[in-house]
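# Descriptive analysis of the structure
Each chain, letter by letter, is given below.
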Amino acid sequence: MITANVMTDPVTVSPDMTLAEAARVMLSEAAGSVQVVDGAGSLLGLLTESDLLRHPGLESDGRHVNWLQAFLGVQPLCVDYSPRHNVLVGEVMIQNPVAVAPEDPLADVAALLVRLNVKRLPVVEDGTLVGVVSIADLVGALTQQLGAAVSR
């Protein structure tokens, strides 16, 4: 089985979006990451929810804050980091992320996910982002194959 058989549609943002806008996209799409693309659909980078958590503009003074609600303005922060709302995705994104191709065997993709200790990888064909493959996608494919083998 190959990557194209299990990959899902990517959730994308542009590098000139603010972190707050990207966080809203993540929330609305229930995505743990977004792929950053240019106008032609070329992969420039990626932004994960972990990147948002580690961003210096989201540090508090030690009090517990629901970072995402505070970041999106739902909950007031005890510290003022409003200037950080203008930080752009392109300034924070992981640049030149490792990507796989649609024709890559799933065994190779699984090994790469484990080696890199990541949950998902962008799928690129001829320089254009065409999908995302995740651990959940691989588990789903394995479950299907096991189910088909049991029913024989």
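Scroll up a little and you will see the structure.
These remarks concern the structure in this document.

### Remarks on helix H1 (residues 19-29)
Listed as buried for H1 are Leu19, Ala20, Ala22, Ala23, Val25 and Met26. Ala30 lies just past H1 and shows a positive phi near 50 degrees.

### Remarks on the nonpolar core
Counting 17 residues, the largest nonpolar core has Val13, Leu19, Val25, Val34, Leu47, Leu52 and Val89 as the members making the most contacts within it. Elements supplying a minimum of two residues to this core: H1, strand E2 (33-37) and helix H4 (89-92). Among the elements that take part in this core, H1 stands out by supplying five residues, more than any other. In this structure, Val109, Leu112, Val123 and Val133 belong to the second largest nonpolar core, which totals 11 residues.

### Regarding the environment of Glu29
Following the sequence through the fold, Glu29 ends up in helix H1. Put simply, Glu29 and Val11 are 18 residues apart on the chain and 7.4 Å apart in space, counted from C-alpha to C-alpha.

### A short note on the pairing of E2
With five of its five residues buried, E2 lies for the most part within the structure. Burial along E2 is two-sided: the face carrying Ser33, Gln35 and Val37 and the face carrying Val34 and Val36 are both buried. Here strand E1 (residues 12-13) runs beside E2; their pairing, made up of two bridges, is parallel. Residue Thr12 lies in a different strand from E2, and its bridge partner there is Gln35. In this region the chain leaves E1, passes through H1 and returns to the parallel neighbour E2; the handedness of that crossover is right-handed. Across five bridges, the pairing between E2 and strand E3 (residues 43-48) is antiparallel.

Cut-offs applied
- Residues numbered from 1 in each chain as written.
- Predicted model: local features only at pLDDT ≥ 70, side-chain atom pairs only at ≥ 80, totals over all residues.
- Heavy atoms only, no water.
- Buried < 20%, exposed > 50% of the residue type's maximum accessible area, 1.4 Å probe, protein only.
- Helix = DSSP H or I, 4+ residues; strand = E, 2+ residues; numbered from the N terminus.
- Core = buried A, V, L, I, M, F, W, Y, C linked by side-chain atoms within 4.5 Å.
- Pairing = 2+ DSSP bridges.
- Right-handed = clockwise from strand over helix to strand, strands pointing away.

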